[in-house]
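Chain residues, written in single-letter form:
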Amino acid sequence: MGLFILRLFTAFFILATFFPLVKLDFWWIRVFDYPRLQKFVFTLILIICWTFTLTVESTPEPFYWIFALTVTSAYLLSKVWPFTPLGKKMIETVPYSEEAGINILVGNVYQYNKEYSKAVSLVREVNPDLIFFVETDKAWENGLSEIEKNYPAQVKIPLDNTYGLLLYTRMEIVRQVINYLIDEEIPSLELDIKLRNGEIITIYAIHPTPPVPGENEKSTERDAEILMVGKKSKENPKPSLVIGDLNDVAWSYTTELFLKNSEMADPRRGRGLFNTFHAKVPLFRWPLDHIFLSKHFGLASLKVQKGIGSDHFPISLKAVLTLSNDTETMKANGTEKEEAREKISRGLEDD
């Protein structure tokens, strides 16, 4: 009986590891994208369990399972490795600058959570320049009212369908667009914000629908919204950030495609997992809340904050604008001028 259960668990975790390679968007496939680190740990435990079944008279079966589990764990390690301090960073660490920087706090408050005071306390502690909370209804708008005096620029879309948005900032909003990219009941924001040094950056704040039974049988809508915002960011010459609960993990096929198409950077790479969900179940945690940055930024800090009664931990980031669009254009023009000079010089030498 014990050997049967061991075979069952082993087969399950091997299948669960490679199932997400099937490029279908059914929720019961995509859900296996999430617990990658957990699967890695369990495969190591299973390898140990199979080694205890080895005896001098044993059949070759344990060796087959150990080999399969070793391949599985190696594959999982290759996927987890980039999200450790040993991985390659996509964005460099820089000192924080108040003039060229922005301090952002992002969180899913969980609409039915009533611990408004914890969120208010966290805002006061982090003291961010911009706050983006999702799953916010009218009760949450009222519960956060005491922070409004410190954040004069606000975009408030309280909804009862778990897709309400509240954004507060002490910086000037110079352009504001409320989008309904996929569903007329799911808003997202596109804002141009002026930093203290006068530079304009774009914030894309989103909360796409998750692939879950009873709501969305497929991840099609979530994936489409993420990739649409990625395209917007790439076509936008201004420095930009994509923030929010994306209902997708940092290592999924969709997120990797988003990063490739948008040419943005994930600050988690080379630093850690920074898990934000599930706040109440330590065994099942993964990174669902994100702040992606365009190549114009450096990273001063990234931190998962303390809980506010939600099933998500908030996450905060301090980014510094190190390369404005004007600087980038000047560099490009400078390169073109240098190339022209070299061509002229070669022409004179030939003469």
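Residues numbered from 1 in each chain as written. Predicted model: local features only at pLDDT ≥ 70, side-chain atom pairs only at ≥ 80, totals over all residues. Heavy atoms only, no water.

Asks: Can you help me understand the overall build of the chain in this one?
Replies: Regarding its fold elements, the chain presents 9 helices and 11 strands. Overall size of the chain, expressed as C-alpha extent along the three principal axes, is 80 × 75 × 35 Å. Counting across all 351 residues of the chain, residues that qualify as buried make up 50%. Excluding contacts between residues fewer than 6 apart, the proportion of contacts in the chain whose partners are at least 24 apart in sequence is 67%. (Helix = DSSP H or I, 4+ residues; strand = E, 2+ residues; numbered from the N terminus. Buried < 20%, exposed > 50% of the residue type's maximum accessible area, 1.4 Å probe, protein only. Contact = heavy atoms within 4.5 Å.)

Asks: Looking at this structure, I do not really get helix α3 (residues 36-51). What am I missing?
Replies: A turn of α-helix holds 3.6 residues, and therefore any two residues three or four places apart point the same way. Its 16 residues place the ends of α3 23 Å apart at the C-alpha level, agreeing with the 22 Å of an ideal helix rising 1.5 Å per residue. For α3, every residue scored as buried is listed here: Arg36, Gln38, Lys39, Phe40, Thr43, Leu46, Ile47 and Trp50. In this structure, the buried side of α3 is in contact with α1 (2-18) and α4 (61-80). (Expected span 1.5 Å × (residues − 1).)

Asks: What should I look at first to understand the layout of surface pockets in this one?
Replies: Vacant regions in the atomic arrangement are exposed by a probe of water-molecule size rolled over the atoms. One number sums up the size of the largest pocket: a volume of about 390 Å³. Taken together, 23 residues make up the lining of the largest pocket; nearest its centre are Pro210, Val212, Asn247, Phe277 and Leu288. Looking at the lining of the largest pocket, its residues break down into 13 nonpolar, 5 polar and 5 charged. (1 Å grid on protein atoms, 1.4 Å probe; cavity = no way out; pocket = protein on both sides within 12 Å on 5 of 7 lines; lining within 4 Å. Points joined across faces, edges and corners; volume = space filled by probe spheres on them. Nonpolar A, V, L, I, M, F, W, Y, C, P; charged D, E, K, R; others polar.)

Asks: Would you mind showing me how to read the packing of helix α7 (residues 220-235) against helix α8 (residues 253-262) here?
Replies: Geometrically, a packed helix pair is captured by the angle between its two axes and the distance between the axes. With their axes 8 Å apart at the nearest point, α7 and α8 run at an angle of 15° to one another. Relative to α8, α7 is oriented roughly parallel. The two elements α7 and α8 meet at a crossing, and its hand is right-handed. Across from Arg222, Asp223, Ile226, Leu227, Gly230 and Lys234 in α7, the residues of α8 making contact are Thr254, Leu257, Phe258, Asn261 and Ser262. (Axes fitted to C-alpha atoms, helices over the stretch in contact; angles between N-to-C directions. Parallel < 35°, antiparallel > 145°, perpendicular 65-115°, else oblique. Left-handed = near helix turned anticlockwise from the far one by under 90°.)

Asks: Help me understand unusual backbone geometry in this model?
Replies: Residues apart from glycine generally show negative phi values, whereas peptide bonds are mostly found in trans. Cis rather than trans, the peptide bond between phenylalanine 277 and histidine 278 has omega equal to 10°. Note on placement: histidine 278 falls in the loop between α8 and β9 (289-293). We note that phenylalanine 274 has phi near 50°; this positive angle belongs to a residue other than glycine. Take phenylalanine 274: it is sitting in the loop between α8 and β9.

Asks: For this particular structure, what's the right way to read the nonpolar core?
Replies: General note: in soluble globular proteins, nonpolar side chains tend to be found buried as a group. Core analysis: the biggest nonpolar cluster contains 33 residues, and Ile104, Leu130, Phe132, Leu189, Ile201, Leu241 and Ile243 have the highest contact counts within it. When residues in this core are grouped by element, the largest group, 4 residues, is from strand β11 (residues 315-321). Residues within four places of leucine 130 in sequence aside, it is in contact with Ile102, Asn103, Ile104, Leu105, Leu167, Tyr168, Thr169, Ile193, Ile203 and Ile243. (Core = buried A, V, L, I, M, F, W, Y, C linked by side-chain atoms within 4.5 Å.)

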